[in-house]
Amino acid sequence: MLNVKQLPAKIESIKAYSDKLRVFRLRLSRNDGFSFVPGQFVMLSLPGLVDSNGRKIAKAYSIASSPSEQDVIDLCIVNYPNGVLSTPLFKLNVGDEVIITGPYGMFQLKKPVGNGTVFIAGGTGLAPLIGMLRSLYAEGYKEKLWLFYSVSEPKLFMFREELLRYSKNKGLKLVVSTSNPDSSWSFEKGRVTSTLPKFASEISREVQFYLCGPPEMVTDIIKVLEQLGFKKENIHKEQW
Ligand SMILES: Cc1cc2nc3c(=O)[nH]c(=O)nc-3n(C[C@H](O)[C@H](O)[C@H](O)COP(=O)(O)OP(=O)(O)OC[C@H]3O[C@@H](n4cnc5c(N)ncnc54)[C@H](O)[C@@H]3O)c2cc1C
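Parameters at a glance
Residues numbered from 1 in each chain as written. Predicted model: local features only at pLDDT ≥ 70, side-chain atom pairs only at ≥ 80, totals over all residues. Heavy atoms only, no water. Helix = DSSP H or I, 4+ residues; strand = E, 2+ residues; numbered from the N terminus. Rg over C-alpha atoms; globule rule 2.2 N^0.38 Å. Buried < 20%, exposed > 50% of the residue type's maximum accessible area, 1.4 Å probe, protein only. Contact = heavy atoms within 4.5 Å. Lys, Arg positive; Asp, Glu negative; His and termini not counted. Charge placed at Lys NZ, Arg CZ, Asp CG, Glu CD. Phe/Tyr/Trp six-rings, centres within 6.5 Å; stacked < 30°, edge-to-face > 60°. Lys NZ or Arg CZ within 6 Å of the ring centre and 35° of its normal. Arc of directions from axis to C-beta. Pairing = 2+ DSSP bridges.

**Q** What is the right way to look at the overall build of the chain in this model?
**A** The helix and strand tally for the chain stands at five helices and 12 strands. Taken over the C-alpha trace, the chain has a radius of gyration of 18 Å; the compact-globule value for 240 residues is 18 Å, and the two agree within 12%. Counting over 240 residues, the chain shows a buried share of 51%. Restricting to contacts in the chain with at least 6 residues of sequence separation, those with at least 24 account for 71%. If the 31 positive side-chain charges of the chain are averaged to one point and the 23 negative ones to another, these points end up 1 Å apart.

What follows is the structure, encoded as structure tokens:
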């Protein structure tokens, strides 16, 4: 908690995957010694945005960037209908100011990161996991890693080019799937609960798992992992 800072940041870029999913790249206007560990999150607020009691509105968002990229924070954000934070945020533009407070959270990699470690993401659950991958590759990690990633529709495949590059050049075993494929979809079909059993024989029973996604998905995946003989104590999760 001692490391927590409250800092202004500017929206440097916005990547829209749909009208409901955007990746915001924030640049800290000053640093004040802000640092984080991959997997952690920040509380995001907007200048002047308060509730009916005048209290500041703030929401948690996992950091998708790597600490190796100084003063930059990537956030992958869903706009829920009438979301108290997300709806006003989606009206902002590049150059506008936001406020971050953090870092927070204990969802972090256990070091050393073993060969064959498995990451499993659903939707924006990719955020903390790509933060971990980016950071490992920035440190020169060379062993095999798995990423199972499910998206609700093809256009919501975030960081597509970057992940395909990792799978080509960095030894990432990328298993992307959707239950709603279109004619151009060349990856897996279905949910992670069906793609995992397909590849389970290639995964050591001793590896660590890092899961992030909606709570129901995380619960279902843990059940499948246990049925496949993986150890509960090796499964680490974040959910929202
Ligand atoms: C540790 C942590 C990390 C998080 N990281 C991320 C992240 O990286 N990206 C991200 O988009 N969110 C993330 N969240 C969720 C985020 O903090 C907000 O809860 C979410 O954005 C909703 O806030 P809002 O202001 O948009 O909507 P609210 O005003 O809170 O809700 C508006 C409407 O949307 C519905 N709603 C809210 N959340 C959900 C949901 N998950 N599924 C379905 N309906 C919902 C509500 O029931 C309500 O009807 C994280 C949460 C936690 C605890």
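On we go from here.
**Q** Is there a simple way to explain the packing of aromatic side chains in this structure?
**A** To describe a pair of aromatic rings, one takes the distance between the centres and the angle between the planes. Using the criterion set out here, one finds 14 aromatic pairs in the structure. Ring geometry for Trp 146 versus Phe 199: centroids 5.9 Å apart, planes at 65°, classification edge-to-face. On the criterion of sequence distance, the pair formed by Trp 146 in strand 8 (residues 145-151) and Phe 199 in helix 4 (residues 192-199) is long-range, its members being 53 residues apart. Note on accessibility: Trp 146 and Phe 199 belong to one class, buried. An aromatic cluster is built from Tyr 149, Phe 157, Trp 185 and Phe 187, whose rings are joined through pairwise contacts. One residue, Arg 134, lies across the ring of Phe 159, its end atom 4.6 Å from the ring centre. When the ring centre of Phe 230 is taken as reference, the NZ or CZ atom of Arg 205 above it lies at 4.1 Å.

**Q** Explain helix 4 here, please?
**A** Residues lying three or four places apart along an α-helix face the same way, a consequence of the helix completing one turn every 3.6 residues. Taken residue by residue, helix 4 has Val 192, Thr 195, Leu 196 and Phe 199 as its buried positions. Down the axis, helix 4 shows its buried residues gathered within 105° of arc, on one side only. In this structure, the buried residues of helix 4 make contact with strand 7 (117-122), strand 8, strand 9 (172-178), strand 10 (188-189) and helix 5 (215-227).

**Q** I tried to follow the pairing of strand 9 on my own but got confused; where do I start?
**A** Along any regular strand the residues' side chains alternate between the sheet's two faces. Of all seven residues in strand 9, six are buried, a share of seventy percent or more. Relative to strand 10, strand 9 runs parallel, the two being bridged by two bridges. Paired with Thr 178 across the bridge in strand 10 is Lys 189.

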